[in-house]
Amino acid sequence: MNFRLTFFLLSIACGSSILLSSCGEGSSAPNLVAGREASDLVIRQEAEPDVLNPICTGSGYATNVFMHIFLPLMEYHPRTLEYVPVLVKGEPEVREVTEGPYTGGVRYTYEFLEEARWDDGTPVTAADYAFTVKAALNPLVEGNRWRGYLSSIKQVEADPVNPKRFSVTVFPEFAGSLLTSSNFLIYPAHVYDADGLLDNIDIGQLSDADAASALAAENPGLAGFAEAFNSEKFAREPGFVQGCGPYALEAWETGQYITLSKKQDWWGEALASERDILAAYPEKLIFKTIPDPATTAAMLKSQEIDLVFLPPSRELMDIRENDLTREHYEVIETETDEIYWVPMNTQSRVLQDRRVRKAIAHLMDVDQMLEELSFGMGQRLIGPIPPSRATYHDGLPLIDFSVEKAVALLDSAGWIDSDGNGIRDKEIDGDQVELKVRYFTSSGSAVGKPAGLLLKENARQAGVDVDVQYKEFKVIQRNWAERDYDLSPARMRLSPAPFDPNQRYHTSSDRPDGSNIMGFGNAESDAVIEKIRYAEGEERQQAYLDFQEIVYREQPAIFLYSPVNAVIVHNRFDAWASSRRPGYFPQYFRLSGSN
C-alpha cells in the first residue's frame, strides 16, 4: 500500500534567502535553491560508501550511488515491479540444454540495444558481458559478493556475426536462472581490463571454486588483473569508475559528498520516451554524508538537501506533526520488503551455543522497539522472510520478551555467575570466560543505536553484559568480514524476486568476502537452500518452510520487524516512492511543471 502525506518545512528568518529564485526578470540564468541549480538533486545518506566498484562491495550506501553509473541487462521496474529489459532489446530466447556437459541447464540468448554505448562511444557488446562475469568469478578480486550469485553461469558465446548478440548457459537450471543471467551490472572490458588479461580465461573453469583457485595459482593474469581491479582508481576516481548508465562520477570528497553529473548526449535519452526505465532528469545527483539526524533536520530547514529516506522515527514524527512545516517538502510513505535484524556471529566463543543466541533474542523487547522507535509502523518478524511474502511461515510464534526464558536457557547452557559480579561466566577451552557480547552500530543509526541500549539494559537483568560500541559503517563492514564482532544491527532490503537464501545463508558464502556474516549453516540447511533453488511447486514451498524452521531453531540473528518507511522530497520535484530498494529512484524525479 502506498499513500501520501503532504507537509512543509519551517523556513528560517522568513526564508527569503532560501526560496526558489532567479537572477532577475528576463534572465536566462537557472532557478536556484539554497545556492544550487534547481535541477540538481541533493540526497542525504547516513554513511559513506566504501567503494563504487559494484563487484567489490555489498554496501547499500554504495549501491544507491553506482546504480546510476552502471546498468544491467534487465531489471525490476521500480514502479510496476515488472521484470523489464534495460540494456537488451527484449526478453531472451530460451532453450533447454539437452546434450553436452551442461545437460539440464538452460541457455538464454540476448542482444544488446544498438544504441548502447560506453562513454568513449564504444558499443556495449558480448565481450563486456563475458568480461563482467569473469571479473566477478576471479577468486583474487577483493570483497567479491557476486561470485556465489554468478557461479551458475558456465558459458558465454558471442554471435560470430553480431557482436551485440550472445548466449549464456546457466547450469543447472533453477528458479533464479533468468535473474542470474541478466540482473547484474555490466562493466566496460576495455576500461577495466585494458591489457586483456582475462580475454583467454575460460568462464567454465572460473565458475568452479576449486578449479578457479588452481587456475589463480598458475595464471599470473588473474593476479595482475585483480591487483588493478582492486585498486583505488577503480574504487573512487572520476574517469576510471565508468558504466553505460546516465550519470558519471564527477567528484568524491571523502566524508562529505559524492557528485554524479548527467552525461551529455547520453545514448539512452532518445529511448526514454518508449523505455521509461532509461529516463534520467536531474542534471546532478549529489549524495551528502550526514550521519546526525539533528544536522539532517537543520539542512532540511535551510533547503540544503532535497531527499531524505527515513524509517519510522521521532524525526519523522516531528516533521509530520509540526504545524509550521508547511511550505517546501512532501513525505511519501511506503510499505517495503525491508527487514530490521541483528546478525549474530555464531563463531564467537560466547555465541556458539544456540541456547545463548536464543536467550539474547528473548532479551530484545521487539514490541517496545516497534512502538517507541517506529511508532507502531511495522510488522514483527519470525525470520528473514517478511509477512508480505507468500512463502512466509505463519506457523512459527513470535519470540517474546522474557527475562525468565533467557535465564532458563543460559542456566541450561552452563552459564552461571560464579563470582557474584552480576555477569555470568563459563569455562571454555580452559579459560573462565564472562558472558560479554560486543554490539557494533553506527552512531547515526535511528534503530540500531537505541536497540543496542535497550538490549544492554534488559540483558543486565539476566547476567549478560552487552558492550555497545559506535563505529563508522565501513569499519563495521570490515568487522563483519573478519568475523570480529558478536552482534551488529543491519537493515536489509529484499529484491522483488523470489527470496533466495543462498548468498546469505549457505555455508559456501561463509568466507571473508561472502555475505554469510553469521557463519550460519550446516549440511542440513545447505540441502534445504539448494532445494529452494532447484525444486518447483509444493516441494519448493515446503523447502521455504523448512528453511525458516531451521533458522528459527538455530537463531543466527535477532529478527526484529519490517517497517513502513518514508521518503522526504522537496516539492519542486514530481516524486514517488517504490517498494523496491532503496525505496527512491531520484533519476526519475522531474521538476514540477516540466514537460
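Scoring rules and cut-offs
- Residues numbered from 1 in each chain as written.
- Predicted model: local features only at pLDDT ≥ 70, side-chain atom pairs only at ≥ 80, totals over all residues.
- Heavy atoms only, no water.
- pLDDT = per-residue confidence, 0-100.
- Contact = heavy atoms within 4.5 Å.
- Phe/Tyr/Trp six-rings, centres within 6.5 Å; stacked < 30°, edge-to-face > 60°.
- Helix = DSSP H or I, 4+ residues; strand = E, 2+ residues; numbered from the N terminus.
- Buried < 20%, exposed > 50% of the residue type's maximum accessible area, 1.4 Å probe, protein only.
- Lys NZ or Arg CZ within 6 Å of the ring centre and 35° of its normal.
- Salt bridge = Lys/Arg side-chain N within 4 Å of Asp/Glu carboxyl O.
- Arc of directions from axis to C-beta.
- Pairing = 2+ DSSP bridges.
- Axes fitted to C-alpha atoms, helices over the stretch in contact; angles between N-to-C directions.
- Core = buried A, V, L, I, M, F, W, Y, C linked by side-chain atoms within 4.5 Å.

Turning our attention to the confidence of the model for the protein chain. Summing up the model confidence of the protein chain, the mean pLDDT is 90 and the portion of residues at 70 or higher is 93%. Scored below 50 in pLDDT, residues 1-30 makes 64 contacts in the model with residues more than four places away or belonging to other chains.

The next thing to look at is the packing of aromatic side chains. Counted under the stated rule, the structure contains 29 aromatic pairs. Measuring from ring centre to ring centre gives 5.3 Å for Tyr505 and Phe547, while their planes differ by 80°; the resulting arrangement is edge-to-face. With Tyr505 in helix α17 (residues 502-505) and Phe547 in helix α19 (residues 537-554), the pair connects residues that are 42 residues apart, well separated along the chain. The same class applies to Tyr505 as to Phe547, namely buried. A cation sits over an aromatic face here: Arg236 above Trp252, 4.0 Å from the ring centre. Lying over the aromatic face of Phe440, Lys471 brings its terminal NZ or CZ to 3.9 Å of the ring centre.

It is worth spelling out the pattern of salt bridges at this point. What the rule picks out here adds up to 28 salt bridges. Here Arg424 makes a salt bridge to Asp411, at a shortest N to O gap of 2.7 Å. Of this pair, Arg424 sits in the loop between α14 (403-412) and β18 (425-428) while Asp411 sits in helix α14, and the two are 13 residues apart along the sequence. With its nearest N and O atoms 3.0 Å apart, the salt bridge here joins Arg553 to Glu554.

Moving on to helix α10 (residues 293-301). Because each turn of an α-helix spans 3.6 residues, side chains separated by three or four positions in sequence point in the same direction. All of the buried residues in α10 are Thr296, Met299 and Leu300. Down the axis of α10, the sector holding all buried residues measures 105°, keeping them to one side. Immediately beyond the C-terminal end of α10, within one or two residues, lies Gln303, with a positive phi of roughly 60°.

Now for the sheet that holds strand β8 (residues 106-111). An order of β7-β8-β10-β9 is seen for the four strands of this open sheet, with the pairing classed as antiparallel. The sheet terminates laterally at β7 (93-96) and β9 (153-158), the two strands that pair on one side only. Between one strand and the next, the sheet's axes are offset by a mean angle of 20°, whatever the strand orientation. With six bridges connecting them, β8 and strand β10 (residues 165-170) associate as antiparallel partners. Within the sheet, the bridge partner assigned to Tyr108 lies in β10 and is Val168. Against the sheet, helix α2 (residues 126-137) engages β9 and β10, with an angle of about 160° to β9.

Here we come to the nonpolar core. Counting residues in hydrophobic clusters, the biggest one holds 98 residues, and the most contacted among them are Tyr129, Ile153 and Trp267. With eight residues, the top contributor of residues to this core is α2. Ile153 has contacts with Tyr129, Val133, Leu137, Val168, Thr169, Val170, Thr180, Ser181, Phe184, Ile203 and Ser207, leaving out every residue within four places of it along the chain. Counting residues in each nonpolar core, the second largest holds 72 residues, with Val464, Phe499, Phe547 and Ile550 among its members.

Okay, the pairing of strand β13 (residues 284-289) next. Both strand β4 (residues 40-45) and β13 contribute to a ladder of six bridges, which runs parallel. Bridge pairing in β13 links Arg44 to Lys288. Two strands pair when backbone bridges link them, and strand β12 (residues 257-262) and β13 are joined in this way by five bridges, in the antiparallel orientation. Counterpart to Ser261 in the pairing with β13 is Lys284.

Turning to the side chain of Ser509, a few remarks are in order. You can see Ser509 is positioned in the loop between α17 and α18 (523-534). Not counting residues within four places of it along the chain, the set of residues in contact with Ser509 comprises Arg483, Asn502, Gln503, Gly514, Ser515 and Asn516.

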